[in-house]
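# Fold and geometry: a report
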Amino acid sequence: MKSPMIKTILPGPRARKLIEKDGTYVSPSYTRYYPLVVEKARGLWVHDVDGNVFLDFTAGIAVCATGHCHPRVIKAIKAQADLLLHMSGTDFYYRPQIVLAEKLACLVPGKGGKKVYFGNSGAEAVEAAFKLARWHTRRELNLAFYGAFHGRTMGALSLTASKTIQKKHYNPLVPGITHIPYAYCYRCPYNLSYPQCSLGCVDWVEDTLFRTTIPPEEVAAIIVEPIQGEGGCIVPPPEFHLKLYKIAKKYGILYVVDEVQSGMGRTGKMFAMEHFGVDPDIIALAKGIASGMPLGALTALAEVMDWEAGSHASTFGGNPVSCQAALVTIELLEEGLMDNAVVQGEYLMAGLREFQQSFECMGDVRGKGLMVAVEFVKDRENKEPAREWRNEIIKKAFQKGLLLLGCGENSIRFSPALTVTAAEIDECLSIFDDVVKEVAG
Ligand SMILES: Cc1ncc(COP(=O)(O)O)c(C=O)c1O
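Below or above, wherever it landed, is the structure these notes cover. (Residues numbered from 1 in each chain as written. Predicted model: local features only at pLDDT ≥ 70, side-chain atom pairs only at ≥ 80, totals over all residues. Heavy atoms only, no water.)

### Section: the overall build of the protein
If you tally the helices and strands in the protein, you get eleven helices and 15 strands. Here the C-alpha atoms of the protein give a radius of gyration of 22 Å, agreeing with the 22 Å that 2.2 N^0.38 yields for 441 residues. Each principal axis of the C-alpha distribution contributes one length, and for the protein these read about 60 × 60 × 45 Å. The burial tally for the protein puts 57% of its 441 residues in the buried class. Entry remark: accessible area of the protein is about 19400 Å², with carbon and sulfur atoms responsible for 54%. Taking the 47 positively charged and 49 negatively charged side chains of the protein as two groups, their mean positions are separated by 3 Å. (Helix = DSSP H or I, 4+ residues; strand = E, 2+ residues; numbered from the N terminus. Rg over C-alpha atoms; globule rule 2.2 N^0.38 Å. Buried < 20%, exposed > 50% of the residue type's maximum accessible area, 1.4 Å probe, protein only. Areas by Shrake-Rupley, 256 points an atom, 1.4 Å probe, with all protein chains shown as cover. Lys, Arg positive; Asp, Glu negative; His and termini not counted. Charge placed at Lys NZ, Arg CZ, Asp CG, Glu CD.)

Spelled out as structure tokens, the structure:
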């Protein structure tokens with residue numbers, strides 16, 4: 001069985017030199033948990049510039065859904081690169097953008113025709129959703145959630161409420177957004193318990209917010225992640241979205257769903273919102289959509305995407321090479337990777353839940369499919385967040401050849417490629433077990 005192979009002190013000599021140069025020339029705004037300098041990668045296996053081999057449970061922040069450099073994706077990219085690299089789908093037509101739009105429009109749940117807008121990233125998809133909601137409704141207000149991460153452009157950042165560092169010194173942001181508590185049941189903002197609470201957090205929107213400060217007829221959209229990603233992989237109760245969606249529909253408010261992280265098969269369904277029985281009005285997509293090629297997409301009901309020529313566009317959006325990568329990515333997801341996400345996700349969660357029995361510090365294990373996280377606490381009783389342990393575990397895992405990332409204040413996320421095998425999960429769990437024992441056992 002394949003295992004990580006660490007043969008230098010980390011970072012190795014080549015990595016150290018590059019990191020030094022990075023410090024001189026690259027923006028200091030990036031957050032690197034550990035000094036990994038990647039040379040090449042295949043599947044879940046990442047080689048650094050010094051020849052060390054790592055097992056990747058980050059998939060490049062939930063992007064490489066089909067594994068690093070899947071041969072069919074690479075073949076499609078090379079073939080398209082020989083034909084056409086760019087023409088700009090905003091001013092001209094080309095086949096890959098049109099074919100991908102048709103494919104996405106057919107995949108999106110719900111009755112009625114759909115239309116697709118293309119950008120280059122998650123933030124651009126959210127930005128477009130934000131603008132489209134205003135355009136279509138002619139309303140100025142929006143609701144978003146505490147813990148949400150929607151991206152870093154000014155509009156998307158205004159909707160974000162994850163960490164203050166993301167907003168510091170950038171005010172004033174886009175006005176008219178009210179953040180409300182998400183159904184984070186492990187730490188209920190209302191100190192209630194599910195299911196006895198009957199989702200009081202949703203009732204509060206109609207019974208308090210819409211009666212006191214926010215006239216619902218002025219709200220364009222509720223913008224929400226089906227499962228909060230950066231916020232800590234928070235899975236709301238099964239009826240949360242449907243209950244909220246019904247309130248939205250009652251007042252003519254658009255239900256705008258950010259599936260940038262949860263979409264494209266990661267949770268075992270093409271769109272995570274399918275677990276919750278809601279057909280959104282607008283969906284923002286990016287990350288896993290093109291296996292690592294930059295692409296963002298926005299799908300909307302055709303009657304909602306009613307903006308006119310010139311009202312929104314992007315030079316690079318819907319790049320032909322990215323679109324071809326997306327078409328093959330979707331094929332692979334449909335051929336079996338989504339099913340694999342269900343099977344392996346359950347296997348991973350079962351392994352983590354078993355560890356949870358013996359490790360007091362593993363306060364909560366949660367997720368859907370291969371969107372999984374562990375929240376670390378000092379003790380189970382008072383749930384004091386164990387942020388330093390979390391950080392230490394991630395660093396030590398790296399030293400042993402396992403790549404992990406944090407999310408929320410004190411959680412670790414597991415977001416491997418959807419090609420992950422049971423053997424790779426065993427390897428991940430074995431390293432994770434060792435490291436948790438060392439740090440907090
Ligand atoms: C749910 C969600 N929305 C939007 C974004 C922003 O995507 P990008 O970094 O591609 O702009 C992210 C990125 O992590 C995300 O997780």
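Read on, since the account is not over.
### A closer look at the packing of helix α10 (residues 387–399) against helix α11 (residues 422–440)
One way to put it is that α10 packs onto α11 with a least axis distance of 9 Å and a crossing angle of 135 degrees. Here α11 runs oblique to α10, going by the angle between their axes. Of the two elements, α10 crosses α11, and the hand of that crossing is right-handed. The residues of α11 that touch α10, namely those facing W389, E392, I393, K396 and A397, are I431, F432, V435, V436, E438, V439 and A440. (Axes fitted to C-alpha atoms, helices over the stretch in contact; angles between N-to-C directions. Parallel < 35°, antiparallel > 145°, perpendicular 65-115°, else oblique. Left-handed = near helix turned anticlockwise from the far one by under 90°. Contact = heavy atoms within 4.5 Å.)

### Some words on the sheet that holds strand β3 (residues 53–56)
As summarised here, the arrangement of the four strands in space is β1-β2-β3-β13, forming an open sheet in which the pairing is mixed. Bordering the open sheet on either side are β1 (38–42) and β13 (402–403), each of which pairs with just one other strand. (Pairing = 2+ DSSP bridges.)

### Looking at the site of the ligand
If you check the shell around the ligand, you find S121, G122, A123, F149, H150, G151, E225, E230, D258, V260, Q261 and K287 and nothing else. In this structure, G122 approaches the ligand through a main-chain N or O atom, which is 2.8 Å from an oxygen atom. Within the contact set of the ligand, an oxygen atom lies 2.8 Å away from a side-chain nitrogen or oxygen of Q261. Considering the ligand on its own, with 390 Å² of exposed area, one finds that the protein chains cover 82% of that surface. For the shell around the ligand, the per-class residue count stands at three nonpolar, five polar and four charged. (Near = heavy atom within 4 Å. Polar contact = N/O pair within 3.5 Å; in protein donor to acceptor, adjacent residues only side chain to side chain. Nonpolar A, V, L, I, M, F, W, Y, C, P; charged D, E, K, R; others polar.)

### Quick notes on the sheet that holds strand β7 (residues 219–224)
Here we have seven strands laid out as an open sheet, ordered β4-β10-β9-β8-β7-β5-β6, and mixed in their pairing. In this open sheet, the two strands that pair with only one neighbour each are β4 (114–119) and β6 (177–180). Taking each pair of neighbouring strands and ignoring which way they run, the sheet shows an average axis angle of 20 degrees. The strands touched by helix α4 (residues 95–107) are β4, β9 (282–285) and β10 (296–301); relative to β4, the strand with the most contacts, the crossing angle is about 130 degrees. Each of β5 (141–145), β6 and β7 is contacted by helix α7 (residues 200–212), which is oriented at about 140 degrees to β6, the strand it contacts most.

### Describing α11
Every α-helix carries 3.6 residues per turn, so stepping three or four residues along brings you back to the same face. Counted at 1.5 Å a residue, the expected span for α11 with its 19 residues is 27 Å, and the 26 Å between its end C-alpha atoms agrees. Regarding α11, the residues found buried are E424, I425, E427, C428, L429, I431, F432, D433, V435, V436, V439 and A440. (Expected span 1.5 Å × (residues − 1).)

### Concerning the side chain of Q80
Within the element layout of this structure, Q80 appears in helix α3 (residues 71–83). Using a relative accessible area of 5% as the deciding quantity, one classes Q80 as buried. Every residue in contact with Q80, bar those within four places of it in the chain, is listed here: P96, P320, V321 and Q324.

### A short note on a nonpolar patch on the surface
On the surface, a cluster of nonpolar side chains totalling about 370 Å² of accessible area is made up of Y25, V26 and Y30. Along the chain, the position of Y25 falls in helix α1 (residues 13–25). For Y25, a relative accessible area of 69% corresponds to the exposed category. (Patch = residues over 30% accessible without salt bridge, like charges linked within 9 Å, V, L, I, M, F, W, Y side chains within 5 Å. Salt bridge = Lys/Arg side-chain N within 4 Å of Asp/Glu carboxyl O.)

### Brief notes about unusual backbone geometry
Going from N171 to P172, the amide bond is cis rather than trans, its omega being 0 degrees. Turning to its location among the elements, P172 is positioned in the loop between α6 (154–159) and β6. A cis amide bond, omega 5 degrees, links Y194 with the succeeding residue P195. Within the secondary structure, P195 sits in the loop between β6 and α7. Its identity as a non-glycine residue notwithstanding, A62 has a phi of 60 degrees, on the positive side. Relative to the elements of secondary structure, A62 occurs in helix α2 (residues 59–62).

### Let's talk about the pattern of salt bridges
What the rule picks out here adds up to 16 salt bridges. Between E375 and R187 there is a salt bridge; the shortest N-O distance is 2.7 Å. With a gap of 188 residues between them, E375 in strand β12 (residues 371–376) and R187 in the loop between β6 and α7 connect regions that are remote in the sequence. Its relative accessible area of 0% is what places E375 among the buried residues. For D203, the salt bridge is made with K243, and the minimal N-O distance between the two is 3.0 Å.

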